[in-house]
Protein chains: 2
Amino acid sequence: MSARAGIVVTGTEVLTGRVADRNGPWVAGRLLDLGVGVAHITVCGDRPDDLRAQLRFLAAEGVDLIVTTGGLGPTADDLTVATVAEFTGRALHLDTNLEAHIADIIGRWMKRRNADPDPGPLRAGIRKQALVPEGAQPIPPTGTAPGVAIPADVESGSPTILVLPGPPRELQAMWPTAIATSEVTAALAGRDDFRQEIIRAYGLSEADLAETLRDAEHDVAGFDDLEITTCLRNGEVEMVTRFPDGASSAYSTLAAAIANRHQRHIFSTDGSTIDDQVVAALAGRTVATAESCTGGMVAARLTDRAGSSAYIMGGVVAYANETKIGQLDVPAELIAAHGAVSEQVAAAMAEGAVARLGADVALSTTGIAGPGGGSDAKPVGTVCFGVAVAGRPTSTWTRYFPGDRANVRLLSTVAAMHFLASVVGDPS
Amino acid sequence: MSARAGIVVTGTEVLTGRVADRNGPWVAGRLLDLGVGVAHITVCGDRPDDLRAQLRFLAAEGVDLIVTTGGLGPTADDLTVATVAEFTGRALHLDTNLEAHIADIIGRWMKRRNADPDPGPLRAGIRKQALVPEGAQPIPPTGTAPGVAIPADVESGSPTILVLPGPPRELQAMWPTAIATSEVTAALAGRDDFRQEIIRAYGLSEADLAETLRDAEHDVAGFDDLEITTCLRNGEVEMVTRFPDGASSAYSTLAAAIANRHQRHIFSTDGSTIDDQVVAALAGRTVATAESCTGGMVAARLTDRAGSSAYIMGGVVAYANETKIGQLDVPAELIAAHGAVSEQVAAAMAEGAVARLGADVALSTTGIAGPGGGSDAKPVGTVCFGVAVAGRPTSTWTRYFPGDRANVRLLSTVAAMHFLASVVGDPS
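Computed from a predicted model, the values in this text were never measured in an experiment.

Procedures and definitions
Residues numbered from 1 in each chain as written. Chains lettered and ligands numbered in written order. Predicted model: local features only at pLDDT ≥ 70, side-chain atom pairs only at ≥ 80, totals over all residues. Heavy atoms only, no water. Helix = DSSP H or I, 4+ residues; strand = E, 2+ residues; numbered from the N terminus. Buried < 20%, exposed > 50% of the residue type's maximum accessible area, 1.4 Å probe, protein only. Contact = heavy atoms within 4.5 Å. Areas by Shrake-Rupley, 256 points an atom, 1.4 Å probe, with all protein chains shown as cover. Lys, Arg positive; Asp, Glu negative; His and termini not counted. Charge placed at Lys NZ, Arg CZ, Asp CG, Glu CD. Least-squares fit on C-alpha atoms with pLDDT ≥ 70 in both. Buried area = accessible area lost by both parts, 1.4 Å probe. Salt bridge = Lys/Arg side-chain N within 4 Å of Asp/Glu carboxyl O. Polar contact = N/O pair within 3.5 Å; in protein donor to acceptor, adjacent residues only side chain to side chain. Axes fitted to C-alpha atoms, helices over the stretch in contact; angles between N-to-C directions. Parallel < 35°, antiparallel > 145°, perpendicular 65-115°, else oblique. Left-handed = near helix turned anticlockwise from the far one by under 90°. Pairing = 2+ DSSP bridges. Phe/Tyr/Trp six-rings, centres within 6.5 Å; stacked < 30°, edge-to-face > 60°. Lys NZ or Arg CZ within 6 Å of the ring centre and 35° of its normal. Domains from an automatic or database assignment. Nonpolar A, V, L, I, M, F, W, Y, C, P; charged D, E, K, R; others polar. Expected span 1.5 Å × (residues − 1).

(A) Spatial organisation of the overall build of chain A. Of the regular secondary structure elements, chain A holds 16 helices and 17 strands. Dimensions along the principal axes, computed over C-alpha positions, put chain A at roughly 80 × 65 × 40 Å. Across the 428 residues of chain A, 53% fall into the buried class. Long-range pairs, those at least 24 residues apart, make up 69% of the contacts in chain A between residues at least 6 apart in sequence. Carbon and sulfur atoms form 51% of the exposed surface of chain A, whose accessible area is close to 17,600 Å². One way to put it: in chain A the 34 positive side-chain charges average out to a point 6 Å from where the 50 negative ones average out.

Next comes the structure, spelled out in structure tokens:
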């Protein structure tokens with residue numbers, strides 16, 4: 001059995017749907033890496049009653065560890081530490097070392113801003129942030145909010161609780177220190193080692209994969225030891241399998257069965273993403289983009305990567321026909337003859353980007369993202385792609401994507417990455 | 001008192017952090033629009049025990065309505081309806097009308113794909129999806145998964161439960177029908193009408209706003225009737241206030257106090273976003289982009305809007321210096337003299353985009369997103385912006401953004417939108 005954990009995300013802005021939570025998924029992923037199963041994630045606002053109820057719920061469910069995120073600020077509505085202390089029956093005491101450490105951080109920050117703040121409320125805020133439940137281990141802040149690790153209490157049935165701040169950057173920076181505390185180590189001791197393997201496929205339907213898995217249930221010995229989840233996202237199907245070391249051969253048999261049926265669609269079995277593969281396939285060649293319906297999303301995705309300036313020349317967002325003609329040398333007659341959304345224009349855009357930007361490779365998109373602009377021949381969701389490689393014939397595709405404007409643009413961006421990887425990775 | 005609701009998000013891919021949940025925030029937002037307070041959001045995987053525990057928890061917390069999302073597919077691991085039926089003590093029965101309706105949808109879908117599926121498993125899947133708890137109201141599917149509304153049961157203490165599918169498009173399309181069912185209407189009857197107002201500011205620190213709110217606590221009569229949440233996101237501070245109709249004058253007094261202190265930073269009090277304001281300020285003029293460090297993110301954001309092809313000419317992602325020179329006519333000497341990250345180059349990029357793309361207005365970004373490329377004079381996070389308007393002097397700015405590459409790029413994109421709105425909205 002692996003250890004089980006619960007995650008409590010605090011924040012009214014998350015609970016009310018105005019901000020998407022980034023901490024729950026991140027902490028869940030890191031716990032899984034440690035071989036810890038996440039049983040529940042709960043989200044609550046800034047009402048201490050609701051937070052208490054969630055802690056009580058997770059403790060009653062018998063989790064080994066609760067991780068809370070958020071509610072550690074200097075202001076009165078940040079109540080996590082006080083509520084957790086009360087829940088575990090521990091008094092709060094002022095940690096003067098911590099107080100000095102936070103004051104030092106804020107002092108340096110104020111100095112850089114040449115600020116002359118009212119020291120009264122500031123001191124009160126620092127003092128509040130330096131309150132630690134008795135017997136708990138403070139975790140030094142990377143922002144101004146320290147975390148706390150509180151040991152389990154067998155008598156009251158309270159599991160180990162790890163309290164971390166809400167800003168994702170602070171939380172993530174504090175994570176290694178937090179999981180190395182003796183409190184967390186003790187909570188996770190004795191867990192099984194789990195491995196995790198990921199198979200990624202593009203253009204495979206979830207139903208087809210489900211059928212293969214149904215067959216494998218009968219055919220693969222030890223199938224029941226594999227925890228399999230499949231997920232379709234933006235045209236990619238991801239199958240994640242967790243298993244104890246003893247089930248490695250069952251996994252190998254399953255992986256072989258899947259490869260046998262779906263080889264054509266599988267693009268990754270080593271954890272790499274299509275973004276990784278585009279960079280690997282480029283192998284130092286420079287790339288440019290020529291985007292119409294994706295409007296910069298492909299360029300934004302390529303440049304998202306640190307170090308991408310080494311191989312990305314840039315691109316043209318050719319939204320208007322004038323821009324396709326003026327900036328990418330697409331012949332006006334070609335647009336008149338075939339329409340802006342056509343493989344002919346996609347090819348000309350990609351070739352224009354190679355020539356204009358002096359890149360080795362260029363990728364183009366032109367399509368109808370909607371909601372307007374569709375026709376019977378070219379309905380909303382029709383998108384044409386081109387990949388030009390200097391000195392080789394240009395490749396083109398047409399695809400039809402379902403959904404609204406945002407969906408069509410997102411699916412087009414993912415498709416563009418796959419087309420790019422497949423052409424530049426092809427040695428011919 | 002407003003009605004209270006809990007949301008249960010099911011899905012192992014969400015629980016394990018591989019997919020960000022979109023349904024919890026969306027449903028929470030819609031419930032708030034209806035004047036319903038959301039007390040808890042919980043996330044669980046595909047273990048029926050965990051789902052039962054979460055339902056029990058929410059029922060014990062006394063919520064008036066539970067909304068579940070996901071777990072309604074045709075396969076065996078989709079267990080929401082069966083688990084909810086068991087939890088509420090209701091037997092499942094086959095709704096033959098629903099069965100015929102789903103079979104019809106799938107039949108048409110198969111025909112379009114020219115598929116000839118094995119009818120056995122298909123029929124079993126349809127049958128499973130057409131099982132409805134006794135006394136519950138089915139909600140017709142927009143995909144293939146119907147929803148269910150189950151009335152509250154005073155005796156067992158079970159609140160009204162609304163079961164909806166996981167794919168966000170299906171859930172959102174079914175929402176109006178779902179909330180119009182007599183089960184949901186009954187659950188939300190008798191609630192107070194709440195209003196919600198939003199003040200948005202840019203460049204205002206959350207601490208400064210907190211101080212204003214602390215003062216208002218003393219100065220504004222009826223302050224306690226206002227539910228205020230503040231949230232800093234990508235450089236924008238959003239203050240959302242919910243209040244019953246009787247507290248309108250307290251809100252007006254508060255809003256005036258905030259306007260009095262922070263007028264310079266407030267950009268929206270009518271619910272409009274900066275994206276709305278950019279479009280309004282353009283007032284039909286065409287726009288182009290010239291992006292370096294944001295690598296297409298500004299263009300992607302501008303073209304995200306339906307109908308944007310009417311005023312967006314396109315843009316140049318000028319990542320390499322050669323692209324700045326070749327595609328935007330930035331003089332090589334200017335880059336040599338001031339560096340690619342300079343207001344001089346930002347101005348030349350914006351002016352080049354106006355000239356090359358024939359736009360009325362152009363916006364540029366050039367900066368150091370990191371992790372490499374920083375220096376003492378221009379550390380990582382330094383970003384220069386330009387806005388050129390044909391026939392007017394070009395405006396430029398330099399800003400320093402904290403955080404990692406993704407953060408710098410995101411903050412730069414938001415800043416670009418604000419600079420663009422402020423220049424094109426200025427009549428001078």
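(B) Expanded view of the relation of the copies chain B and chain A. Overlay of chain B on chain A (RMSD 0.1 Å): rotation 180°, translation along the axis 0.1 Å. Taken together, the turn and the small shift mark the pair as related by a two-fold rotation axis. When the interface residues of chain B are mapped onto chain A, 99% of them again fall at the interface, so both copies present the same face.

(C) A look at the interface of chain B and chain A. Counting residues at the interface gives 68 residues for chain B, matched by 69 residues for chain A. Across the interface of chain B and chain A, roughly 5,400 Å² is buried in total on both sides, 55% from carbon and sulfur atoms. The tally of links from chain B across to chain A stands at 4 salt bridges. One salt bridge in this structure joins Arg 409 of chain A and Asp 304 of chain B, with 4.0 Å as the shortest N-O distance. In this structure, the connection of chain B to chain A is made through 32 residue pairs in polar contact (both at pLDDT 80 or more).

(D) Main features of the packing of helix H2 (residues 23-33) of chain A against helix H7 (residues 168-179) of chain A. Residues and elements named next belong to chain A. For the pair H2 and H7, interaxial distance at closest approach is 11 Å and the crossing angle is 15°. Relative to H7, the element H2 is oriented roughly parallel. In this structure, H2 crosses over H7, and the sense of that crossing is right-handed. Taking contact as the criterion, the partners of Asn 23, Trp 26, Val 27, Arg 30 and Leu 31 in H2 are, on H7, Pro 168, Leu 171, Gln 172 and Trp 175.

(E) Structural context of the side chain of Thr 68 of chain B. In this structure, Thr 68 of chain B sits in strand S3 (residues 65-69). Other than its neighbours up to four places away in sequence, Thr 68 of chain B contacts Val 8, Leu 55, Thr 80, Ile 161, Leu 162, Val 163 and Leu 164 of chain B.

(F) Just the sheet that holds strand S9 (residues 194-202) of chain A, in detail. All names here are of chain A. Ordered by their spatial adjacency, 4 strands build an open sheet running S10-S11-S9-S12, and the pairing between neighbours is antiparallel. In the strand order of this sheet, the two ends are held by strand S10 (227-233) and strand S12 (266-268), each with one partner. Averaged over all pairs of adjacent strands, the angle between their axes in this sheet comes to 25°, without regard to strand direction. Relative to strand S11 (residues 236-244), S9 runs antiparallel, the two sharing 9 bridges. Paired with Ile 199 across the strands is Met 239, a residue of S11.

(G) Fine view of the pairing of strand S16 (residues 382-389) of chain B. All names here are of chain B. Counting buried residues in S16 gives 8 out of 8 residues, a clear majority hidden from the surface. A two-sided burial pattern is seen for S16, the buried positions comprising Thr 382, Cys 384, Gly 386 and Ala 388 on one face and Val 383, Phe 385, Val 387 and Val 389 on the other. Here 7 bridges tie strand S15 (residues 361-367) to S16, and the two strands are oriented antiparallel to one another. Among the inter-strand pairings, Gly 367 is bridged to a residue of S16, identified as Val 383. Pairing analysis gives 6 bridges linking S16 to strand S17 (residues 395-400), with the strands arranged antiparallel.

(H) Just the pairing of S3 of chain B, in detail. Residue and element names in this part refer to chain B. Counting buried positions along S3 gives 5 out of 5 residues, so the element sits mostly inside the fold. Summarising the sheet, S3 and strand S8 (residues 160-164) pair through 5 bridges and their orientation is parallel. Each bridged residue has a counterpart across the sheet, and for Leu 65 the counterpart in S8 is Thr 160.

(I) View of the packing of helix H9 (residues 206-219) of chain A against helix H10 (residues 248-262) of chain A. Residues and elements named next belong to chain A. Interaxial distance between H9 and H10 falls to 10 Å at its minimum, and their mutual angle equals 140°. Put simply, H9 runs oblique to H10. In the crossing of H9 with H10, the sense of the turn from one axis to the other is right-handed. Residue-level contacts link Asp 208, Leu 209, Glu 211, Thr 212, Leu 213, Asp 215 and Ala 216 of H9 to Leu 254, Ile 258, Arg 261 and His 262 of H10.

(J) Focus on the packing of aromatic side chains. What the rule picks out here adds up to 11 aromatic pairs over all chains. Centroid distance Phe 243 of chain B to Tyr 251 of chain B: 5.0 Å. Interplanar angle 15°. Geometry classified as stacked. Judged on exposure class, the residue Phe 243 of chain B and its partner Tyr 251 of chain B are both buried. With a centroid separation of 4.1 Å and 15° between ring planes, the pair formed by Trp 397 of chain B and Phe 419 of chain B is classed as stacked. Remark: Phe 419 of chain B occurs in helix H16 (residues 405-424) and Trp 397 of chain B occurs in strand S17; sequence separation between them is 22 residues. With respect to class, Trp 397 of chain B is no different from Phe 419 of chain B; both count as buried. Here the aromatic cluster, defined as three or more aromatic residues joined through ring pairs, consists of Phe 385, Trp 397, Phe 401 and Phe 419 of chain A. Cation over ring: Arg 30 of chain A sits above Trp 26 of chain A, and NZ or CZ is 5.2 Å from the ring centre.

(K) The arrangement of the sheet that holds strand S11 (residues 236-244) of chain B in detail. All names here are of chain B. In spatial order, the strands read S10-S11-S9-S12; together these 4 strands make up an open sheet with antiparallel pairing. Each having just a single partner strand, strand S10 (227-233) and strand S12 (266-268) make up the two edges of the open sheet. Averaged over all pairs of adjacent strands, the angle between strand axes in this sheet comes to 25°, irrespective of strand direction. Relative to S12, strand S9 (residues 194-202) runs antiparallel, the two being bridged by 2 bridges. Of the residues in S12, the one forming a bridge with Arg 200 is Ser 268. Sheet strands touched by helix H9 (residues 206-219): S10 and S11. Its angle to S10, the strand with the most contacts, is close to 165°. Strands S9, S11 and S12 of the sheet are contacted by H16, whose axis makes an angle of about 90° with S9.

(L) Focus on the domain arrangement of chain A. All names here are of chain A. In terms of domains, chain A is made up of domain 1 (4-188), domain 2 (194-268) and domain 3 (274-424). Contacts between the two partners involve 6 residues from domain 2 and, on the opposite side, 7 residues from domain 3. Ranking the residues of domain 2 by area buried against domain 3 places Tyr 202, Asn 234 and Phe 267 at the top, with a combined share of 81%. Here domain 2 and domain 3 share 0 salt bridges between them. Summed over the shared surface of domain 2 and domain 3, the result is 2 residue pairs in polar contact (both at pLDDT 80 or more). Looking at the side of domain 2 that touches domain 3 residue by residue, the classes come out as 2 nonpolar, 3 polar and 1 charged.

(M) Spatial organisation of H9 of chain A. Residues and elements named next belong to chain A. Taking 1.5 Å of rise per residue, 14 residues should cover 20 Å, and H9 covers 20 Å from first to last C-alpha, within 8% of that figure. Tucked into the core, H9 has its buried residues touching S10, S11 and H10. The opening residue of H9 is Ser 205, an N-cap whose side-chain oxygen sits 3.0 Å from the backbone nitrogen of Asp 208.

(N) View of unusual backbone geometry. Pro 371 of chain A follows Gly 370 of chain A through a cis peptide bond whose omega is 5°. Mapping Pro 371 of chain A onto the fold places it in the loop between strand S15 (361-367) and strand S16 (382-389). The phi torsion at Asn 234 of chain B lies on the positive side, around 55°, for a residue other than glycine.

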